[in-house]
Amino acid sequence: MKITAAVAPAKNQAFEMQEVELDAPKDNEVLIKIVATGVCHTDVAGQEGLTTPFEAVFGHEGAGIVEQVGAAVSSVKPGDHVVLSFSYCGQCRKCLAGHPGMCEKFNELNFFGPNFDGSHRLHSAHGDLNLYFGQSSFATYTVADEHNVVKVPDDVDLTILGPLGCGIQTGAGTVLNYMEPSKDDTIAIFGMGPVGLAAVLGAKVAGAKRIIVFDRKESKLAFAKEFGATDCYNSLQVDPEEVIKDIEPGGVDFSLDTTGVPAVAETAVHILRPAGEAVLVGIGGDLKLNMMTDFVAESKKVAGLVEGDAIPQKFIPEMIKYYQEGRFAFDKLIKVYDFKDLNQAMDDFKVGKVLKPVVKM
Ligand code: CXF
Ligand code: ZN
């Protein structure tokens, strides 16, 4: 069928709205009419040429309505409201153990470009278009493997739900699924973008004793405070290591770096108490850490993690339940743009004018 997609033609180029051809769903696939899609930093990385070959269609926080399902699909039916999340094989040891974010084929399925079976399902006048996260949801329709698709309640506006498929899941999931802080645990979170702020929401839901946050922008710190951060600091004005020495002299139980800035990630390790764990979810460069003082002598751990160690089909409905209970106000971060203004939304996002753009089809 003919659809409209925002085609990324080459590195650092604006997206072009084009009429392209979308193949019909195969047995394992679902055809979805996209209602709205969030913009995530990994879309920016894609546009910068860091993840996926061109030409491609980005977008990986889609939300929409099922139009058609393949013969083998059982979890959704036409008319269902769905959120699209990341792609996973569902068959490797990590997928089978309930950690699809650690899928052995994660990079292949989400970034390399072709479909599960090596084919392409999107075609322009120039040839095949590469997929993003198996969904390419900067488009009016998508076809996705059933593993990407999460049924959601139809009494919540689909306009806001797409970001649950990646950015919000990454932040909140890291805390709720991976760290699982107890009521006695302290956590420090660096970077109050959508991922860091979602981590604050998650830490609040978990009931962590102290949620200490750092960012350089007062407006973001204000959101963090509203979301339940107990201690908010502007890192332009203070040295986070000194702050932690002062307010938690033994160090924190958990820390999270969402900035991808190496020096910040190093700080996230330095401020841990013995046996504490730092989780890194930003994309950055080389770290300078000492094996003895930063790791071995104090039994500290550092983990990299994608997508909040979530099973999207389980965790996205859970986040929606918290939202409906009034304790997960992630929608406050969203600014809605018309799909035709996607390039403007990307530009506003890159300069920090908006925390979470969502484009509405
Ligand atoms: C990405 C972050 C970088 C590693 C792969 C997954 N998550 C979402 O945008
Ligand atoms: Zn993302």
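Here is a short report on the structure shown in this document. Computed from a predicted model, the values in this text were never measured in an experiment. (Residues numbered from 1 in each chain as written. Chains lettered and ligands numbered in written order. Predicted model: local features only at pLDDT ≥ 70, side-chain atom pairs only at ≥ 80, totals over all residues. Heavy atoms only, no water.)

## Quick word on the site of ligand 1
In step 1: The environment of ligand 1 is formed by Cys40, Thr42, His60, Phe106, Phe111, Phe133, Cys166, Ile283, Val306 and Glu307.
In step 2: The separation between an oxygen atom of ligand 1 and a polar side-chain atom of threonine 42 is 2.4 Å.
In step 3: Between ligand 1 and histidine 60, the relevant distance is 3.3 Å, taken from an oxygen atom to a side-chain nitrogen or oxygen of the residue.
In step 4: Look at ligand 1: alone it shows 280 Å² of surface, and the protein chains cover 82% of it.
In step 5: Here the shell around ligand 1 is composed, by residue class, of seven nonpolar, two polar and one charged. (Near = heavy atom within 4 Å. Polar contact = N/O pair within 3.5 Å; in protein donor to acceptor, adjacent residues only side chain to side chain. Areas by Shrake-Rupley, 256 points an atom, 1.4 Å probe, with all protein chains shown as cover. Nonpolar A, V, L, I, M, F, W, Y, C, P; charged D, E, K, R; others polar.)

## Focus on the sheet that holds strand 1 (residues 2-8)
In step 1: One open sheet accounts for five strands, arranged 4-1-2-7-8; its pairing is antiparallel. Because the sheet does not close on itself, it has two edges, and the strands there are strand 4 (56-57) and strand 8 (127-129).
In step 2: In terms of strand pairing, strand 7 (residues 122-124) meets strand 8 through three bridges, oriented antiparallel. Bridge pairing in strand 8 links serine 124 to glycine 127. (Pairing = 2+ DSSP bridges. Helix = DSSP H or I, 4+ residues; strand = E, 2+ residues; numbered from the N terminus.)

## Looking at helix 6 (residues 194-206)
Every α-helical turn comprises 3.6 residues, leaving residues that sit three or four positions apart pointing alike.
In step 1: Here helix 6 is 13 residues long and its end C-alpha atoms lie 18 Å apart, about the 18 Å a rise of 1.5 Å per residue gives.
In step 2: Burial analysis of helix 6 places 11 of its 13 residues in the buried class, the great majority of the element.
In step 3: Buried within helix 6 we find Pro194, Gly196, Leu197, Ala198, Ala199, Val200, Leu201, Gly202, Ala203, Val205 and Ala206.
In step 4: Where helix 6 ends, the next residue or the one after it, glycine 207, has phi of about 80°, a positive value. (Expected span 1.5 Å × (residues − 1). Buried < 20%, exposed > 50% of the residue type's maximum accessible area, 1.4 Å probe, protein only.)

Honestly, it's all geometry; don't read function into it.
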